[in-house]
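What follows is each chain in one-letter form.
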2 protein chains.
Amino acid sequence: MSITHPMGFRAAATTAGLKKSGKPDLALIVCDTPDVARRSSAAVFTRNTVVGAPIEIGRARRAALLGSSDSAGKSTPPTPGALPWRAILINAGAANAATGEQGVLDAYACMSHVAQHLHCTRDEVIPSSTGVIGHRIPVDKVTAAVPALVASLTRGEPADTAAAAAIMTTDLVPKTAHREIEIAGHIVHIGAIAKGSGMIAPVLDSAGVPVPHATMLAFITTDACIPSLAFQHALEATCHDSFERISVDAHPSCSDTVIALASGQAPVKPILDNTPEYHGFKAALAAICRDLAEKVVRDGEGASRIFRVEVRGAHTTNDAHRVARAVVDSPLVKCAVHGKDPNWGRIVTAAGNAGVPFRLADCSLSIGGIRVFHHGTPTDVPRDNPALKDAMGAATVLMELTIGHGDASTWMIGCDLSKQYVAINADYTT
Amino acid sequence: MSITHPMGFRAAATTAGLKKSGKPDLALIVCDTPDVARRSSAAVFTRNTVVGAPIEIGRARRAALLGSSDSAGKSTPPTPGALPWRAILINAGAANAATGEQGVLDAYACMSHVAQHLHCTRDEVIPSSTGVIGHRIPVDKVTAAVPALVASLTRGEPADTAAAAAIMTTDLVPKTAHREIEIAGHIVHIGAIAKGSGMIAPVLDSAGVPVPHATMLAFITTDACIPSLAFQHALEATCHDSFERISVDAHPSCSDTVIALASGQAPVKPILDNTPEYHGFKAALAAICRDLAEKVVRDGEGASRIFRVEVRGAHTTNDAHRVARAVVDSPLVKCAVHGKDPNWGRIVTAAGNAGVPFRLADCSLSIGGIRVFHHGTPTDVPRDNPALKDAMGAATVLMELTIGHGDASTWMIGCDLSKQYVAINADYTT
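What you see is a predicted model, and the numbers here were worked out from it, not measured in a lab.

**Topic: the overall build of chain A**
Along chain A, the regular secondary structure elements total eleven helices and 18 strands. Oriented by its inertia axes, the alpha-carbon framework of chain A measures out at about 70 × 50 × 40 Å. Put simply, chain A has 430 residues, and 61% of those count as buried. Here chain A displays about 14,500 Å² of accessible surface, and carbon together with sulfur accounts for 55% of that area. Distance between charge centroids for chain A: 2 Å, based on 38 positive and 40 negative side chains.

Laid out in C-alpha cells, this is it:
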C-alpha cells in the first residue's frame, strides 16, 4: 500500500509510449475531496539553477497558493482564490527540461487535458517529469492516453504499485511506503511513492527563500486535514532530514520534486502549525520520507551496499553537513566501500576537503564501531582485521567521524561506486 | 630531459623497499650551487584541512624563508638566516599523512640522514611523500638507502627518468617536461617531473593566506636566478592556471605538493618581481606546469580520454571556476564522455549545480564546436549526428559553455570515468 492507502485518493498508470522500453510511463494521482477547505497541497523542488518546465510551473503555482519571498526578503502574498493541487500527472521518459518556452506550453497542454477529464481547473493539476533532459514531452501521446488513464483511476495495492513502477527510470525496484498515526484519537494515514536511482543528491528549495535536492521524485498523500502553509512547513523540514541526506552521485537533477497532497478525509480537526498534533504528523512524515530516501540510495545506480556517515563535534550543523557530504560524495570513499577496503585515510582526507577547518588531533574515526583513527593517530587495528573487513562489507557500512568538540552533528547516506554505475551511465542517455 | 636539464642539478632514484611491487620508490633532487645568494626555492601545498607530515614541515620552512600571514591578516616576518631548500627527498609507498607527531619525527630522521650525506643542514632538505595514508615511513629502510642514493646523484636523461618513475603510484607513465627561454640574451632552462593519477583535484595554498590543490606531486628546477619571494609569486600564479585546472576525481589529497628550486647558475642577473624578465620567466613556468597538468589528467586512473570545459559569460572568474569545476567533477558527465554520448543535458544541469545563478535563456553549449543548446533551447542537431559522436570520442573533448553576458571566463580539464577507475580504487589501497 502507498498513495491510495489514505482515504480520498485514487491512482492509475498506463503506457503512453514515452519510454523506449515500452514499459508503463504515465501515472496519475487524484484527490477526490470536493470540499476545497479540507484539501491542501505542498511541494519542494530542486535548487538546481537549471530546472525543467514542470518545476517552473510548480513553483509559480506554489507561490500563488502560499505566497513567496525572494532572497532579498521581498514578500508576495498568495493569489486570492488559488486552489491546492488535486491531481499529479507524472511521466517518465522525457524530462521536459532545457526545452525552452515550448516545454512550458507542452506541460500546459497535458495539464489542460487532464483537468478537462477530471472536471477541475488546469491549475489544480501539477505536472512532474523525469527522463532525458532536452527531450520534449510528446503531447499527442500523453493526451491520447489520458482518457483511459482517468477511467482506470482506482484504490488499492495494484494501483499503487502500477503508479510507482510507471515513474521509474533506471530504478530496479518500485519504492513505496505507508504509515498510520493516531491524532486526537483518530487514525490518519500517510502513503508515498518515490523514484530515483541516478542523478541523486537532492537539495530542495522552500516556498520562501530557496534552500537546497536529484531526479528524485516523491509523491506523498495523506487523509489528514492540514492547511497548506503548515503542510508546506512540515514537508520542508522533513525533506531536509531525509531526501537531502542521501547522495548517489553528487549531481542534483533539474527535476527533483516532492509533492504532497492532503485529502482531509480523516475525521480530525485541521492540524495547525506548531501544535502537538503538527509535531506528531511531522514525525510520521519524516519517518516515511527517511524510509523512501534510504530505498532510493539503496537502489542507487550500480549500488551493492550503502554507507552511513555520522559526523559529530562540529561547530555548526552546516559544518557537519559539509563534512558528511564531502565524505559520501568522494569517489575514492565510494570505491573503498565497493571493494570492502577499510581505507580510512580516504575518509579522513575527504572530510578535510569540505572547506571546514578542524584540527587533525581532534579527529577520530570508527568503522562499524571499530576505532581505526583516534585523536589524530592511527589505532593498532590493522587493515586486515577480520571484524573491520566484515564492517566494510555490511549492507549498511557505518562510519562515525568526530572532528572536534562542538555540539553539532549530522548524518548522510551514500552508496558504493561500481563498474555497473559506469556501464549504466556510459551507455544510457538519462 | 627534465629536472637535471637546468645547470646545477643532479638527481637519483633507488628501491628502498617501500612499494609492495618492489619497484623504485625513493628519489632525490639536489641543487649544487654553493653560493646561497644565487639559490632560491618556492613551494605550494594542498589546502586540504588534513595534511601529511611533509606538508606541515614544508609550510613551516616556507614561512621561515618568506614570512607568512594568516587569514586574519597577521604577518610574521621571515626567520633571519633561513636558507632555501637545496634537496628534495621524495618517497612513494607511504604518504606519512595522518600519522600524528610520530610522522613529523620520522620525516626529520630521514631529512637529517640526507643532510649528513650532502653536508648541508637538515632544514635545507624538504621531504615529500605519496602512498597509503596512515602508513608511517619505514625510516630504517629509507636511511639504509640514502648513502647509495647520494652516491649515485648524476645529470642526464637516465637520472631524470629514474626520478620521475620512482615517485609514481598508480601512474602508468612517468611525466617529465622541460623548456628553454631567453632572458636578457641568455638561455635559462626549466625542467620538471610530476606524478599523479588518482586523488587528483589540486587546490593549492599560497605562502600568505591559503588559496586552493590531489596527491599530485610536481618538482621544478631552473638555473635562473630569482629571489625566493618572486619565485614563490610566480609559482603560485602558475599553479592556479595549471595544476588547479585539472581534476581526476574531485578529491584533493592531503599530500599535494609543488616544489621549485632555482640554482642561479645561468649567467643572468637576478629576476626581480614584476619586471619584463619576471613575466617572461613566469610564462615559461606556466607553460611547463600546464604541460605537466595535462599529462597528469590524461594519465588519470582508468582514463581513456580527457575533456576541456570552457566557461564564458560569467560575472566573476570565481563564478566561472565554480561552474567549470561542477561540470568536470560530475560523475554523469564523466560517464557520458566515457560512453562518447553527447548527452548535453548532464553538462547543463551540472553547471546548474554550481551554486552560481544564471538564466537558462542566456545559456548556450557547443561540443567540439557543434552548437547543441542555444539560448535555453536545444538546437536541431540530433544526438546521433555523426560529427557530434566524433566530437565526443576525441582524445580531448571540447565543451564550450556560455552562461550569460559577463566578461569572466575560465577552463578546466577532466577525464572520463571508466570501469577501470573503479577496479583500481576498489581493489587498491591508496
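**Comments concerning the side chain of Ser366(B)**
Residue and element names in this part refer to chain B. Structurally, the position occupied by Ser 366 is in strand S14 (residues 364-367). By relative accessible area, which is 7% here, Ser 366 ends up buried. When near neighbours in sequence (up to four residues on either side) are disregarded, Ser 366 contacts Arg 371, Val 372, Leu 398, Met 399 and Glu 400.

**Section: the relation of the copies chain A and chain B**
When chain A is fitted onto chain B, the two copies agree to an RMSD of 0.0 Å after a turn of 180 degrees and an axial shift of 0.0 Å. Taken together, the turn and the small shift mark the pair as related by a two-fold rotation axis. Of the C-alpha atoms belonging to chain A, the one lying closest to the rotation axis is found on Lys419(A), 2.3 Å away. By residue overlap, the copies meet face to face through one surface: 100% of the interface positions of chain A are interface positions in chain B.

**Structural notes on helix H9 (residues 344-352) of chain B**
When you tally the buried positions in H9(B), you get nine out of nine residues, the bulk of the element. Within the span of H9(B), buried status applies to Trp344(B), Gly345(B), Arg346(B), Ile347(B), Val348(B), Thr349(B), Ala350(B), Ala351(B) and Gly352(B).

**What about helix H5 (residues 228-240) of chain A?**
Here H5(A) contains 13 residues, and its C-alpha end-to-end distance of 18 Å stays within 8% of the 18 Å for a straight helix at 1.5 Å per residue. Those residues of H5(A) hidden inside the fold are in contact with strand S3 (40-45), helix H1 (53-66), strand S10 (217-222), strand S12 (257-262) and helix H6 (276-298) of chain A.

**Comments concerning the pairing of strand S14 (residues 364-367) of chain A**
Residues in a regular strand project their side chains so that they alternate between the two faces of the sheet. Residue and element names in this part refer to chain A. In S14, alternate side chains face the same way, and those of Ser 364 and Ser 366 on one face and Leu 365 and Ile 367 on the other are all buried. In this sheet, strand S17 (residues 396-402) lies alongside S14 in antiparallel orientation, the contact comprising four bridges. Its bridge partner being in S17, Ser 364 is matched across the sheet by Thr 402. Pairing between S14 and strand S15 (residues 370-374): three bridges, direction antiparallel. Within S15, the position partnered with Ser 366 by the bridge is Arg 371.

**Regarding the nonpolar core**
Core analysis: the largest hydrophobic core is formed by 184 residues, its most contacted members being Phe281(A) and Phe281(B). When near neighbours in sequence (up to four residues on either side) are disregarded, Phe281(A) contacts Ile181(A), Ile183(A), Ile190(A), Thr222(A), Ala224(A), Ile226(A), Phe231(A) and Ile271(A).

**What about the packing of helix H11 (residues 419-427) of chain A against helix H8 (residues 331-338) of chain B?**
Taken N-terminus to C-terminus, the directions of H11(A) and H8(B) make an angle of 70 degrees; their axes are 7 Å apart at the nearest point. Compared by their axis directions, H11(A) and H8(B) come out roughly perpendicular. Of the two possible hands of crossing, H11(A) and H8(B) adopt the one that is right-handed. Contact residues: Tyr421(A), Val422(A), Asn425(A) and Ala426(A) in H11(A); Pro331(B), Leu332(B), Cys335(B), Ala336(B) and His338(B) in H8(B). Class assignment for the residues of the contact of H11(A) with H8(B) results in seven nonpolar, two polar and no charged.

**Observations concerning the interface of chain A and chain B**
Counting residues at the interface gives 53 residues for chain A, matched by 53 residues for chain B. Contact with chain B buries surface across chain A, with Thr49(A), His251(A) and Leu332(A) losing the most and accounting together for 14% of the total. In this assembly, chain A and chain B are joined by zero salt bridges. Viewed at the interface, chain B and chain A are joined by 18 residue pairs in polar contact (both at pLDDT 80 or more). At seven residues, helix H9 (residues 344-352) of chain A tops the list of elements feeding residues into the side of chain A that touches chain B. When the residues that make up the side of chain A that touches chain B are grouped by side-chain class, the tally is 27 nonpolar, 21 polar and five charged.

**Considerations on the side chain of His189(B)**
Tracing the backbone shows His189(B) in strand S9 (residues 186-195). Residues within four places of His189(B) in sequence aside, it is in contact with His5(B), Pro6(B), Met7(B), Arg179(B), Glu180(B), Thr221(B), Thr222(B) and Asp223(B).

**Some remarks on unusual backbone geometry**
All names here are of chain A. For His 119, which is not a glycine, the phi torsion comes out positive at approximately 60 degrees. Along the chain, the position of His 119 falls in the loop between helix H2 (100-118) and strand S7 (125-130). In this structure, Ala 184 is a non-glycine residue whose phi angle is positive, near 50 degrees. You can see Ala 184 is positioned in the loop between strand S8 (175-183) and strand S9 (186-195).

**Observations regarding the pattern of salt bridges**
Applying the stated criterion across every chain yields a total of 32 salt bridges over all chains. Ionic pairing is found between Arg312(A) and Glu400(A), a salt bridge with its closest N-O pair at 3.2 Å. With Arg312(A) in strand S13 (residues 306-314) and Glu400(A) in strand S17, this residue pair connects regions lying 88 residues apart in the sequence. The partner of Lys175(B) in a salt bridge is Asp299(B), and the shortest N-O contact between them spans 2.6 Å. Across this residue pair, the class does not change: Lys175(B) and Asp299(B) are buried. Among the charged side chains, a network of salt bridges with common partners joins Arg308(A), Glu310(A), Arg312(A) and Glu400(A).

**Here we look at the sheet that holds S17(A)**
All names here are of chain A. Here seven strands make up an open sheet; going across it, the order is S11-S18-S13-S17-S14-S15-S16 and the pairing mixed. Looking at which strands have only one partner, the edges of the open sheet turn out to be strand S11 (246-247) and strand S16 (377-378). Two elements, S13 and strand S18 (residues 408-415), share seven bridges in a ladder whose sense is antiparallel. Counted as the bridge partner of Phe 307 is Gly 414 from S18. In the packing of H6 onto the sheet, contacts are made with S11, S13, S17 and S18, and the angle to S18 comes to roughly 45 degrees. Across the sheet, helix H7 (residues 317-328) touches S11, S13, S17 and S18, and the angle it forms with S18 is around 20 degrees.

**So, the confidence of the model for chain A**
Residue and element names in this part refer to chain A. Confidence in the prediction of chain A, expressed as mean pLDDT, is 93, and 97% of residues score 70 or more. Counted against residues more than four places away or in other chains, residues 209-214, with its pLDDT under 50, gives 35 contacts. Among the prediction metrics, the complex's ipTM stands at 0.86, with pTM recorded as 0.89.

**Regarding the sheet that holds S8(A)**
All names here are of chain A. What the five strands build is an open sheet, ordered S3-S12-S10-S9-S8; its pairing is mixed. Each having just a single partner strand, S3 and S8 make up the two edges of the open sheet. Going across the sheet, the axis of each strand differs from the next one's by a mean of 15 degrees, ignoring polarity. Here S8 pairs with S9 via nine bridges, running antiparallel. From the neighbouring strand, Ile 181 faces S9, where its bridge partner is Val 188.

**Here we look at the environment of Leu153(B)**
Residues and elements named next belong to chain B. Within the secondary structure, Leu 153 sits in the loop between helix H3 (139-151) and helix H4 (157-166). Put simply, Leu 153 and Leu 28 are 125 residues apart on the chain and 7.8 Å apart in space, counted from C-alpha to C-alpha. Not counting chain neighbours up to four residues away, the residues in contact with Leu 153 comprise Arg 10, Ala 11, Ala 12, Leu 28, Val 30 and Leu 118.

**Overview of the packing of helix H1 (residues 53-66) of chain B against helix H5 (residues 228-240) of chain B**
When two helices pack together, their arrangement is given by the angle between the helix axes and by the axis-to-axis distance. Residue and element names in this part refer to chain B. Taken N-terminus to C-terminus, the directions of H1 and H5 make an angle of 130 degrees; their axes are 10 Å apart at the nearest point. The angle between the axes of H1 and H5 places the two elements in the oblique class. For the crossing formed where H1 meets H5, the hand is left-handed. Residues Arg 62, Leu 65 and Leu 66 of H1 touch H5, and the partners they reach there are Ser 228, Leu 229 and Gln 232. In terms of residue class, the contact of H1 with H5 is made up of three nonpolar, two polar and one charged.

Thresholds applied
- Residues numbered from 1 in each chain as written.
- Chains lettered and ligands numbered in written order.
- Predicted model: local features only at pLDDT ≥ 70, side-chain atom pairs only at ≥ 80, totals over all residues.
- Heavy atoms only, no water.
- Helix = DSSP H or I, 4+ residues; strand = E, 2+ residues; numbered from the N terminus.
- Buried < 20%, exposed > 50% of the residue type's maximum accessible area, 1.4 Å probe, protein only.
- Areas by Shrake-Rupley, 256 points an atom, 1.4 Å probe, with all protein chains shown as cover.
- Lys, Arg positive; Asp, Glu negative; His and termini not counted.
- Charge placed at Lys NZ, Arg CZ, Asp CG, Glu CD.
- Contact = heavy atoms within 4.5 Å.
- Least-squares fit on C-alpha atoms with pLDDT ≥ 70 in both.
- Expected span 1.5 Å × (residues − 1).
- Pairing = 2+ DSSP bridges.
- Core = buried A, V, L, I, M, F, W, Y, C linked by side-chain atoms within 4.5 Å.
- Axes fitted to C-alpha atoms, helices over the stretch in contact; angles between N-to-C directions.
- Parallel < 35°, antiparallel > 145°, perpendicular 65-115°, else oblique.
- Left-handed = near helix turned anticlockwise from the far one by under 90°.
- Nonpolar A, V, L, I, M, F, W, Y, C, P; charged D, E, K, R; others polar.
- Buried area = accessible area lost by both parts, 1.4 Å probe.
- Salt bridge = Lys/Arg side-chain N within 4 Å of Asp/Glu carboxyl O.
- Polar contact = N/O pair within 3.5 Å; in protein donor to acceptor, adjacent residues only side chain to side chain.
- pLDDT = per-residue confidence, 0-100.

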